[in-house]
Amino acid sequence: MYCLRFSPDSASLIVRLVLEELALPYEARQIDRDAAELSSPEYRALHPLGKIPVMETPHGPMFETAAILLYLSDRHPGLAPAPDAPDRAAFLKWFFFTSTNIHPTLMDIFYPERVAGAGAAALVTAHAAARMDALLKVINTAAAANPVWLCADRPSLLGYYLAVLLRWLGQRDSKAADYVSVTTYPALTTILTMLETRPAALAVAAAEGLGTTIFTNPA
């Protein structure tokens with residue numbers, strides 16, 4: 001059985017949704033942030049940087065969201081093309097496009113001071129917001145073709161990954177200069193609408209107190 005070290009509405013949410021969708025047995029162990037658990041020797045033995053998520057597996061602890069997701073999909077088929085499938089290459093291309101472009105850009109929007117210090121925060125967020133819009137337009141075009149690895153009629157690994165990232169974007173202040181409206185990307189919005197009605201998404205949303213419209217109208 002897997003053990004997911006999680007904190008509500010963090011990157012662990014992506015992994016938890018996939019675990020639920022695959023109907024895998026797992027333990028969800030909430031991290032005690034108030035007690036500085038992320039800095040504890042026990043947690044640092046699982047993740048040397050003290051970040052979230054960590055998933056303990058029969059093969060040892062894992063960190064990095066993309067790595068955990070691929071580990072799960074390769075061992076539990078259903079949410080991504082198999083390693084020998086013809087569309088595996090396309091899936092990997094867009095999966096890593098998301099993990100190495102969209103996800104880090106989102107972090108720049110939320111934590112601009114990490115990039116260039118507090119004095120340059122406004123410039124960093126403005127640049128990151130413009131880049132995010134360009135990236136989402138590209139992957140929205142890919143999603144519009146309704147490929148099996150990112151389609152509107154069944155859940156997918158990449159769909160859940162993007163849904164959580166777009167959830168966080170949807171929580172931004174709509175009056176802010178760096179606001180990116182998720183409704184600008186209709187193919188992605190259709191996928192989000194489908195995913196948030198899945199029993200897996202509803203179960204995780206209830207467990208973490210995230211509301212019923214977890215992706216399209218995040219609390």
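For the structure, see preceding data.
Residues numbered from 1 in each chain as written. Predicted model: local features only at pLDDT ≥ 70, side-chain atom pairs only at ≥ 80, totals over all residues. Heavy atoms only, no water.

Draft legend 1. Representation of the packing of helix 7 (residues 157–170) against helix 8 (residues 186–195). Running from N to C, helix 7 and helix 8 cross one another at 100 degrees; their axes reach a closest spacing of 10 Å. On the basis of the axis angle, helix 7 is roughly perpendicular to helix 8. Contact with helix 7, carried on its side by Gly 159, Tyr 160, Leu 162, Ala 163 and Leu 166, involves Leu 188, Ile 191, Leu 192 and Leu 195 of helix 8 and no other residues of that element. Its residues assigned to classes, the contact of helix 7 with helix 8 shows eight nonpolar, one polar and no charged. (Axes fitted to C-alpha atoms, helices over the stretch in contact; angles between N-to-C directions. Helix = DSSP H or I, 4+ residues; strand = E, 2+ residues; numbered from the N terminus. Parallel < 35°, antiparallel > 145°, perpendicular 65-115°, else oblique. Contact = heavy atoms within 4.5 Å. Nonpolar A, V, L, I, M, F, W, Y, C, P; charged D, E, K, R; others polar.)

Draft legend 2. Quick peek at the pairing of strand 4 (residues 60–63). Pairing geometry for strand 3 (residues 54–57) and strand 4, over four bridges, is antiparallel. Across the sheet, residue Met 55 finds its bridge partner in strand 4, namely Met 62. Between strand 3 and strand 4, which follow one another and run antiparallel, lie two residues. (Pairing = 2+ DSSP bridges.)

Draft legend 3. Fine view of the side chain of Arg 16. As for its position among the elements, Arg 16 is in helix 1 (residues 12–21). On the basis of relative accessibility, which here comes to 10%, the residue Arg 16 falls in the buried class. Engagement of the side chain of Arg 16 in a polar contact is seen with the side chain of Tyr 26, the distance being 3.3 Å. When residues no more than four places from it in sequence are discounted, the contact partners of Arg 16 are Leu 4, Phe 6, Tyr 26, Ala 28, Val 204, Ala 207 and Glu 208. (Buried < 20%, exposed > 50% of the residue type's maximum accessible area, 1.4 Å probe, protein only. Polar contact = N/O pair within 3.5 Å; in protein donor to acceptor, adjacent residues only side chain to side chain.)

Draft legend 4. Geometry of unusual backbone geometry. Look at the link from Ile 52 to Pro 53: it is a cis peptide, with omega at 10 degrees. Summarising the element assignment, Pro 53 is placed in the loop between helix 2 (41–46) and strand 3. Phi is positive for Ala 36, which is not a glycine, with a value near 60 degrees. Position of Ala 36 relative to the elements: it lies in the loop between strand 2 (26–30) and helix 2. Classification of Ala 36 by relative accessible area gives partly exposed; the value is 42%.

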